[in-house]
Amino acid sequence: MFRSTFLSIFSGTWPMILICSVIIVSMRIVWVIKEKQKIIFYKELLGLCFIIYVMCLFYVVTFQDVSWSTSNFVPFKEMFRYRIGSTLFFKNVLGNMIMFMPYGFFVSYFLKLKKPISIFLLAVLTSFTIEFTQLQIGRVFDVDDIVLNIIGALLGFLIYYFINKMKEHIPPILKNQVIYTILIVILIAGAMLYLCNWGVI
């Protein structure tokens, strides 16, 4: 289900992703050369992944059809309607959490957050802005989405926190840009192979 959801999002966003990525990467390369800055490749990859994630998030929250739903201003009203394990449960409950896990991870990574309260407040602001915008453009406002988005962002923060803690215990020889870049490339390639159902994954 998550694979098909990803593919449907990608099919609607790939032109925007391609054009914006080329513009951003080319501008970044020119800036690095002009300013004689050192490129840390894995950080550049993570930055590009975050930009692509934001574009996909924008598509999901502004273009996907939700004509079957109505606004909900009562906390926990909608999420407890779905039977655990049902398609609607995966789409509306787990989906809203998973959708914001990258947000929690990327924001925590780039801002070097150490306390969950920081990502909590940022997630509240971002998720509320999304729901308010949806209400203004003819979609629906769902307070449960805000709750689930916040949980997802906090899970993303925890992933960042544990990875950061693990880095303290790995041998110094593994703490270099080449190793980090290889790991990021493997993770991205593995995710693409799985989500697009390529190869044997």
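Below or above, wherever it landed, is the structure these notes cover. (Residues numbered from 1 in each chain as written. Predicted model: local features only at pLDDT ≥ 70, side-chain atom pairs only at ≥ 80, totals over all residues. Heavy atoms only, no water.)

1. Here we look at the state of the cysteines
- Inspection of the entire model under this criterion finds zero disulfides.
- Between cysteine 20, a free cysteine, and cysteine 56, which holds the nearest cysteine sulfur, the sulfur-to-sulfur gap is 11 Å.
- Here cysteine 20 falls in the partly exposed class, since its relative accessible area comes to 26%. (Disulfide = S-S within 2.5 Å. Buried < 20%, exposed > 50% of the residue type's maximum accessible area, 1.4 Å probe, protein only.)

2. As for a nonpolar patch on the surface
- Taken together, the side chains of Phe10, Trp14, Leu18, Ile19, Val22, Ile23, Ile24 and Met27 present a nonpolar region at the surface, about 770 Å² in accessible area.
- Relative to the helices and strands, isoleucine 19 is located in helix 1 (residues 2–35).
- According to the relative accessible area criterion, isoleucine 19 is exposed, its value standing at 51%. (Patch = residues over 30% accessible without salt bridge, like charges linked within 9 Å, V, L, I, M, F, W, Y side chains within 5 Å. Areas by Shrake-Rupley, 256 points an atom, 1.4 Å probe, with all protein chains shown as cover. Salt bridge = Lys/Arg side-chain N within 4 Å of Asp/Glu carboxyl O. Helix = DSSP H or I, 4+ residues; strand = E, 2+ residues; numbered from the N terminus.)

3. Remarks on the nonpolar core
- Leu57, Phe100, Tyr103 and Ile119 are the most contacted members of the largest nonpolar core, which has 32 residues in total.
- Listed by contribution, the elements that provide at least two residues to this core are helix 1, helix 2 (41–63), helix 3 (87–111), helix 4 (116–136), helix 5 (143–167) and helix 6 (177–195).
- Looking at this core, the element that brings in the most residues is helix 2, giving 10 residues.
- In this view, leucine 57 contacts Met99, Phe100 and Ile130; residues no more than four positions away in its chain are not counted.
- In this structure, Met79, Phe89, Val93 and Leu148 belong to the second largest nonpolar core, which totals six residues. (Core = buried A, V, L, I, M, F, W, Y, C linked by side-chain atoms within 4.5 Å. Contact = heavy atoms within 4.5 Å.)

4. Considerations on the packing of helix 2 against helix 3
- Contact geometry of helix 2 with helix 3 gives a least axis separation of 10 Å together with a crossing angle of 145°. In this structure, helix 2 crosses over helix 3, and the sense of that crossing is left-handed. Contacts from Tyr42, Lys43, Leu46, Gly47, Cys49, Phe50, Tyr53, Leu57 and Val60 in helix 2 reach Met99, Phe100, Pro102, Tyr103, Phe106, Val107, Tyr109 and Phe110 in helix 3. (Axes fitted to C-alpha atoms, helices over the stretch in contact; angles between N-to-C directions. Left-handed = near helix turned anticlockwise from the far one by under 90°.)

5. Thoughts on the side chain of serine 86
- Here serine 86 is to be found in the loop between helix 2 and helix 3.
- In this structure serine 86 comes out as buried when scored by relative accessible area, which is 13%.
- Of note is the side chain of serine 86, whose polar atom sits 2.6 Å from the backbone oxygen of arginine 83. (Polar contact = N/O pair within 3.5 Å; in protein donor to acceptor, adjacent residues only side chain to side chain.)

6. Here's the deal with helix 4
- Look at helix 4: 30 Å from first C-alpha to last across 21 residues, which is about the 30 Å you get at 1.5 Å a residue.
- Among the structural elements, helix 2, helix 3 and helix 5 are those in contact with the buried residues of helix 4.
- Looking one or two places after helix 4, you find glycine 138, whose phi comes out positive at around 90°. (Expected span 1.5 Å × (residues − 1).)

7. Observations concerning the packing of aromatic side chains
- Enumeration over the complete set of coordinates arrives at 18 aromatic pairs.
- On the numbers, 5.0 Å between centres and 70° between planes, the contact of tyrosine 109 with phenylalanine 110 is edge-to-face.
- Judged by its relative accessible area of 11%, tyrosine 109 falls in the buried class.
- Its relative accessible area of 36% is what places phenylalanine 110 among the partly exposed residues.
- Its guanidinium or amino end placed over the ring of tyrosine 109, lysine 112 lies 4.1 Å from that ring's centre, counting from NZ or CZ. (Phe/Tyr/Trp six-rings, centres within 6.5 Å; stacked < 30°, edge-to-face > 60°. Lys NZ or Arg CZ within 6 Å of the ring centre and 35° of its normal.)

Nothing here speaks to function; it is geometry throughout.
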